[in-house]
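Here are the chains, one letter per residue:
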Amino acid sequence: MSDRDLSEYERMWTRERDLWVLFRSDTGYLPILKGSPPMAKVICDQELEELVVSRMIAAGVAVVADLGDCQAVG
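Here the structure is a predicted model, which means the values were calculated and not measured.

What counts as what
- Residues numbered from 1 in each chain as written.
- Predicted model: local features only at pLDDT ≥ 70, side-chain atom pairs only at ≥ 80, totals over all residues.
- Heavy atoms only, no water.
- Helix = DSSP H or I, 4+ residues; strand = E, 2+ residues; numbered from the N terminus.
- Rg over C-alpha atoms; globule rule 2.2 N^0.38 Å.
- Contact = heavy atoms within 4.5 Å.
- Pairing = 2+ DSSP bridges.
- Axes fitted to C-alpha atoms, helices over the stretch in contact; angles between N-to-C directions.
- Salt bridge = Lys/Arg side-chain N within 4 Å of Asp/Glu carboxyl O.
- Buried < 20%, exposed > 50% of the residue type's maximum accessible area, 1.4 Å probe, protein only.
- Core = buried A, V, L, I, M, F, W, Y, C linked by side-chain atoms within 4.5 Å.

Engineer: Before we move on, could you go through the overall build of the protein chain and cite the residues and values that matter?
Structural biologist: A tally of helices and strands in the protein chain yields 1 helix and 4 strands. Written out in order from the N terminus, the α and β elements of the protein chain read β-β-β-α-β. Relative to the 2.2 N^0.38 estimate, which gives 11 Å for 74 residues, the radius of gyration of the protein chain is 12 Å and therefore close to what a compact globule would have. Taking the principal axes of the C-alpha coordinates as reference, the protein chain spans close to 35 × 30 × 20 Å. Counting only contacts in the protein chain whose residues sit at least 6 apart along the sequence, the fraction spanning at least 24 positions is 63%.

This is the structure:
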């Protein structure tokens, strides 16, 4: 496990966990902030992206395969 500083992203799997989904595609996962319109969080560092996604999955952030499921509800 890497000792990278994830504090900038921690809110995505803690206090804002219900605001995020992981969009699953053939190439992997993309964190999406639910909304109208939904906003992708692009992380250009592959190792950092893998760490963030794994923390989000471990915390129970929803995984979706349809971008329509990224809309904010209510």
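Engineer: Describe the sheet that holds strand 4 (residues 62-64), with residues and values.
Structural biologist: Strand order in this open sheet of 4 strands is 3-2-1-4, and the pairing throughout is mixed. In the strand order of this sheet, the two ends are held by strand 3 (39-40) and strand 4, each with one partner. Note that strand 1 (residues 20-25) and strand 4 share 3 bridges and pair parallel. If you follow Val21 over to strand 4, its bridge partner there is Ala62. The strands touched by helix 1 (residues 46-58) are strand 1 and strand 2 (28-33); relative to strand 2, the strand with the most contacts, the crossing angle is about 70°.

Engineer: If you had to explain the pattern of salt bridges to someone new, which residues and values would you point to?
Structural biologist: With the rule as written, the count across this model stands at 3 salt bridges. Glu47 serves as the salt-bridge partner of Arg4, at 3.0 Å between the closest nitrogen and oxygen. Highlighted residues: Arg4 in the segment before strand 1 and Glu47 in helix 1, separated in sequence by 43 residues. Judged by relative accessible area, which is 31%, Arg4 ranks as partly exposed.

Engineer: I'd like to hear about the nonpolar core, residue by residue, with values.
Structural biologist: In a soluble, globular protein the nonpolar side chains are often hidden away together inside. Within the largest apolar cluster, 13 residues are counted, with the highest numbers of intra-cluster contacts made by Tyr9, Met12, Trp13, Val52 and Met56. Elements that contribute at least two residues to this core include exactly strand 1 and helix 1. With 5 residues, the single largest contributor to this core is helix 1. Among residues more than four places away in sequence, those in contact with Met12 are Arg17, Trp20, Pro31, Lys41, Val52, Met56 and Val61. Grouped together as the second largest cluster of nonpolar side chains are 5 residues, Val21, Phe23, Ile32 and Cys70 included.

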